[in-house]
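A look at the structure
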Amino acid sequence: NLAKINGGGITYPEIFGIGKFLPFLDNSFDFVSCYSVLPYEKDVDKFFSEIFRIMKPTGVAVIIIMNLKGLGVAMVTPFNQDGNVDFDAIPKVVENIITGHADYIVVMGTTAEVSALSDSEKKAVINAICDANQNKVPLVIGIGGNNTTKVCEEIQATDLSPFQAILSVSPY
């Protein structure tokens, strides 16, 4: 029972652990927050494995990375006149964002029309953006929704290796 009542509100103590080994039992936490740790982790896969190990199956992790500074542009998903994703336009949009001096690109944010994409279109758009970017600027991926369990499952199922951070809206 780590939470403490504080003047009507709940406060949570800061608990520190080494990312490759967190001294907690499996399925212990509903919420895990990590601040500025990923740039220092040598084994990112082990780090995330530990985070997911200590979280309850319906838990939420918030990973904050402070090496993203400057202007981040939330990229739109281009569509052609037929209403299909315009995959030929994606490299042009990415290049326009980069030449416009953006410091990072937000992929699959709310401006990306995520709700209008099928799962296969979404994966194809993400791949096209990563290919067009060629590691020129950091990428942030948007994974959110109003079903916390589904959001956690999507985060776990997503290859996060091309991304510096996850942008996730709070369930509403």
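Above: the structure in question.
Residues numbered from 1 in each chain as written. Predicted model: local features only at pLDDT ≥ 70, side-chain atom pairs only at ≥ 80, totals over all residues. Heavy atoms only, no water.

**Quick word on the overall build of the protein**
The helix and strand inventory of the protein stands at 4 helices and 8 strands. Along the protein, helices (α) and strands (β) appear in the sequence β-β-β-α-β-β-α-β-α-β-α-β when read from the amino end. Classification of the 172 residues of the protein by burial places 33% in the buried group. In the protein, once contacts between residues fewer than 6 apart in sequence are set aside, the share between residues at least 24 apart is 69%. Accessible surface computed for the protein: about 11,000 Å², of which carbon and sulfur atoms make up 53%. (Helix = DSSP H or I, 4+ residues; strand = E, 2+ residues; numbered from the N terminus. Buried < 20%, exposed > 50% of the residue type's maximum accessible area, 1.4 Å probe, protein only. Contact = heavy atoms within 4.5 Å. Areas by Shrake-Rupley, 256 points an atom, 1.4 Å probe, with all protein chains shown as cover.)

**Quick look at the packing of aromatic side chains**
Scanning the model with the defined rule gives 3 aromatic pairs in all. Their ring planes at 90° and their centres at 5.0 Å tell us that Phe24 and Phe29 sit as a pair that is edge-to-face. Judged by relative accessible area, which is 23%, Phe24 ranks as partly exposed. Under the relative-accessibility criterion, Phe29 is labelled buried at 18%. (Phe/Tyr/Trp six-rings, centres within 6.5 Å; stacked < 30°, edge-to-face > 60°.)

**Describing the pairing of strand β7 (residues 139-142)**
Burial along β7 is two-sided: Leu139 and Ile141 and Val140 and Gly142, pointing in opposite directions, are all buried. Bridge count between strand β6 (residues 104-107) and β7: 3 bridges; the pairing is parallel. Bridge pairing in β7 places Val107 opposite Ile141. Crossover connection from β6 via helix α3 (residues 119-133) to parallel β7: handedness right-handed. Of the strand pairs in this sheet, β7 and strand β8 (residues 165-167) are connected by 3 bridges, and their pairing is parallel. (Pairing = 2+ DSSP bridges. Right-handed = clockwise from strand over helix to strand, strands pointing away.)

**Overview of helix α2 (residues 90-99)**
Among all positions of α2, only Ile90, Val94, Ile97 and Ile98 are buried. Taken down its axis, α2 places every buried residue within 100° of arc, on the same side. Away from its buried face by more than 90 degrees, α2 exposes Lys92 and Asn96. Check the buried side of α2 and you find it contacts β5 (72-74), β6 and α3. (Arc of directions from axis to C-beta.)

**Some thoughts on the side chain of Thr77**
Here Thr77 is to be found in the loop between β5 and α2. Within polar-contact distance, the side chain of Thr77 engages the backbone oxygen of Ala112 at 2.6 Å. (Polar contact = N/O pair within 3.5 Å; in protein donor to acceptor, adjacent residues only side chain to side chain.)

**Considering the pattern of salt bridges**
Enumeration according to the criterion identifies 6 salt bridges in this entry. Of the charged contacts, one joins Arg53 and Asp26 as a salt bridge, the two residues approaching to 2.7 Å between their closest N and O atoms. Placement of Arg53 in helix α1 (residues 44-54) and of Asp26 in the loop between β2 (9-11) and β3 (29-35) is noted, with a sequence separation of 27 residues between them. Given the relative accessible area of 23%, Arg53 is considered partly exposed. (Salt bridge = Lys/Arg side-chain N within 4 Å of Asp/Glu carboxyl O.)

The values are spatial; any link to function lies outside them.
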